[in-house]
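Architecture at a glance
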Amino acid sequence: MTENESRNMSLRDVLNFVFKYQKRILWIFFSVFIVLAAVLFLMRPVYESTARIIIQIGRENVYTPMTSDSQQLFDFSVDQRINSKVELLTGVNSIERTIKALGVKNVYPDIDSRPYVATRFFNFPLPSFSDETDMQKAIMLFKKNLDASRKDKTDFVEVAFNHPDPVIAQAALAKLVDIFIQEHVNLYQESERYKFLVSQVDSLRNDLEQSEANLKTFKSEHNIASLFQEKTILLELKATAEQKLLDTQSDISENQGRLDSLQSSGTAEFGQETDLNPISISEIRRMIAELRLREEQYLNDYTAKNPLVIGIRKEIRTAESLLHGEEQAYHDKAKLSIIHTLESLHTKEARLQAKRTDYDRQLQELVDRETALKDLERKVSINEDNYKLYVKKLEESRISKEMDEQGIINVSTVDPPTLPIKAVKPKIGMGLGIAALVGVLIAMLVSLYSEYFSHTMNSAEEVHRWTGLDVVAILPDAEESSEKKRRISQGEPA
């Protein structure tokens, strides 16, 4: 089978399918189309009232920091500014005030004590199991039918409100815009701020006068003019005392080390040098050294039992005993001298530490006075800056308050709410087109479903395609053959 034949067969199958189910397709199509068209024409018309608001940069977008040396800051974030106003316009508070001003029954006459279910097409109450009040239902419906958005990247905001009644749509949108402008004024109004600033200026003036009086009294009581010179002298005296204390502590450490060394040995070792070695000890040491030399000479010539060696060793022992006695006496004198020196140094150290403590106390008193003086001066400076700043902001608030009272704000209505003439919903042409498309789709799907689950073959082509066998003959339908014979017998065309 060629490609063209296959394509022809496919087209033939489609045509066979359409002709086979043409009655069913037409019946389903018209049924769906008529139902959807009826629903479309039964829908309540909805009218849309529109308005346009401009939001410019004004004094509401200027921020003055609380520091006196800072400049005013301007808020140039257009997107955030306009989005904030849109949220205020479409907020629940503005909608609730609008509905209360017009009346719930006047805006939505169909709302009763039954809960409200908002649908896309029908704007009337439907049964529900919620416990919403009439105001809550009205707010929900109002917010659903309200739309506000920025026009491209301009300062304009377009507002639209949908309602079945065109007069109510215009009135509700006009009241909403008025309430929005009033809310904007209340949000940025300066009346309460002005009263606050007046009280703050009076309070800050009293604080400034009191801090100046405290500073003057403190200076006169503590003779502040000589405070710096007194501090310099005390620092020099403290430095001298600390240096002497360090020297004394060094001497104490040195003498304590010598004393510990003498006490650890107990007695003077042979040949140990001290600060109190007299000439007699040196002579004895020299004599012992000579005797030892003679002993070595005798040992070179004689044996250890020789009388000369024994005699010389006896003389050495006598000399060493004498030397030990002399050194022990002077060793005790050295320890006593060091102990007396340490006592004197400790007394001196205590006196220097007392002086240093006294200097520290006097310096701390000076530091405390200096800190107190700086605190008083700082307080005077802060109070003066705050007073000047609040006086300036008081004047700015007074001007802003006057502008609020005269209605000079950065939000204004460019195009007031319109009275709609033509309904925006439903759109008949588009609705009928969608109904026809839905009807065709449903009819085709139902027919395809029937064809897919059908177990019969209605043509020789289907038999050959599904079984691969050629059809030899086609037997006519029995009822159809009987009908043809009846017509022939009656002389009617077959």
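In this report, the structure presented in the accompanying data block is examined. (Residues numbered from 1 in each chain as written. Predicted model: local features only at pLDDT ≥ 70, side-chain atom pairs only at ≥ 80, totals over all residues. Heavy atoms only, no water.)

**With respect to the overall build of the chain**
Within the chain one finds 14 helices and 6 strands. Counting only residues that meet the buried cut, the chain has 28% of its 494 residues in that class. Counting contacts in the chain only where the partners sit at least 6 residues apart, residues at least 24 apart contribute 79% of the total. Of the roughly 32,400 Å² of accessible surface on the chain, a fraction of 57% belongs to carbon and sulfur atoms. (Helix = DSSP H or I, 4+ residues; strand = E, 2+ residues; numbered from the N terminus. Buried < 20%, exposed > 50% of the residue type's maximum accessible area, 1.4 Å probe, protein only. Contact = heavy atoms within 4.5 Å. Areas by Shrake-Rupley, 256 points an atom, 1.4 Å probe, with all protein chains shown as cover.)

**Topic: a nonpolar patch on the surface**
Taken together, Leu 11, Leu 15 and Phe 19 make up a surface patch of nonpolar side chains, about 320 Å² in accessible area. Look at Leu 11 and you get exposed, because its relative accessible area is 52%. (Patch = residues over 30% accessible without salt bridge, like charges linked within 9 Å, V, L, I, M, F, W, Y side chains within 5 Å. Salt bridge = Lys/Arg side-chain N within 4 Å of Asp/Glu carboxyl O.)

**A few points about the nonpolar core**
Core analysis: the biggest nonpolar cluster contains 31 residues, and Ile 53, Ile 99, Tyr 108, Phe 142, Val 159 and Phe 161 have the highest contact counts within it. Elements supplying a minimum of two residues to this core: strand S1 (47-55), helix H3 (78-89), helix H4 (92-102), helix H5 (104-107), helix H6 (134-144), strand S4 (146-150), strand S5 (156-163) and helix H7 (166-188). The dominant element in this core, judged by the number of residues it contributes, is H7, at 8 residues. Excluding residues that lie within four positions of it along the chain, Val 159 makes contacts with Ser 49, Thr 50, Ala 51, Ile 53, Leu 89, Leu 146, Asp 147, Ala 148 and Leu 173. (Core = buried A, V, L, I, M, F, W, Y, C linked by side-chain atoms within 4.5 Å.)

**Some words on the sheet that holds S4**
With antiparallel pairing, the 4 strands of this open sheet are ordered in space as S4-S5-S1-S6. The strands lining the two open edges of the sheet, one partner per strand, are S4 and strand S6 (411-415). Going across the sheet, the axis of each strand differs from the next one's by a mean of 25°, ignoring polarity. With 8 bridges joining them, S1 and S5 adopt antiparallel strand pairing. (Pairing = 2+ DSSP bridges. Axes fitted to C-alpha atoms, helices over the stretch in contact; angles between N-to-C directions.)

**A look at the environment of Leu 215**
With respect to the helices and strands, Leu 215 occurs in helix H8 (residues 191-222). The sequence separation of Leu 215 and Val 380 amounts to 165 residues, and the corresponding C-alpha distance is 8.0 Å. Leave out the neighbours within four places in its chain, and Leu 215 touches Leu 373, Leu 376, Glu 377 and Val 380.

**Quick notes on the pattern of salt bridges**
Scanning the entire structure with this criterion turns up 14 salt bridges. Two residues, Arg 205 and Asp 202, come together in a salt bridge whose shortest N-O distance is 3.1 Å. Residue Arg 205 and its partner Asp 202 are located together in helix H8, separated by 3 residues, close to a single helical turn. By relative accessible area, which is 31% here, Arg 205 ends up partly exposed. Classification of Asp 202 as partly exposed rests on a relative accessible area of 37%. Note that Arg 361 is salt-bridged to Asp 358, the shortest N-O span being 2.6 Å. One end of the pair, Arg 361, and the other, Asp 358, are both in helix H11 (residues 307-405), 3 residues apart, so they sit about a helical turn from each other. The partly exposed category is assigned to Arg 361, whose relative accessible area is 43%.

**A few points about the packing of aromatic side chains**
With the rule as written, the count across this model stands at 3 aromatic pairs. Where Phe 29 meets Phe 33, the ring centres are 5.9 Å apart and the plane angle is 20°; that geometry is what we call stacked. Highlighted residues: Phe 29 and Phe 33, both in helix H2 (residues 22-42), separated by 4 residues, approximately one helical turn. Between Phe 142 and Phe 161 the ring centres are 4.2 Å apart and the planes differ by 25°, which places this aromatic pair in the stacked class. You can see Phe 142 sitting in helix H6 and its partner Phe 161 sitting in strand S5, a full 19 residues away along the chain. The exposure class assigned to Phe 142 is buried, which follows from its relative accessible area of 0%. (Phe/Tyr/Trp six-rings, centres within 6.5 Å; stacked < 30°, edge-to-face > 60°.)

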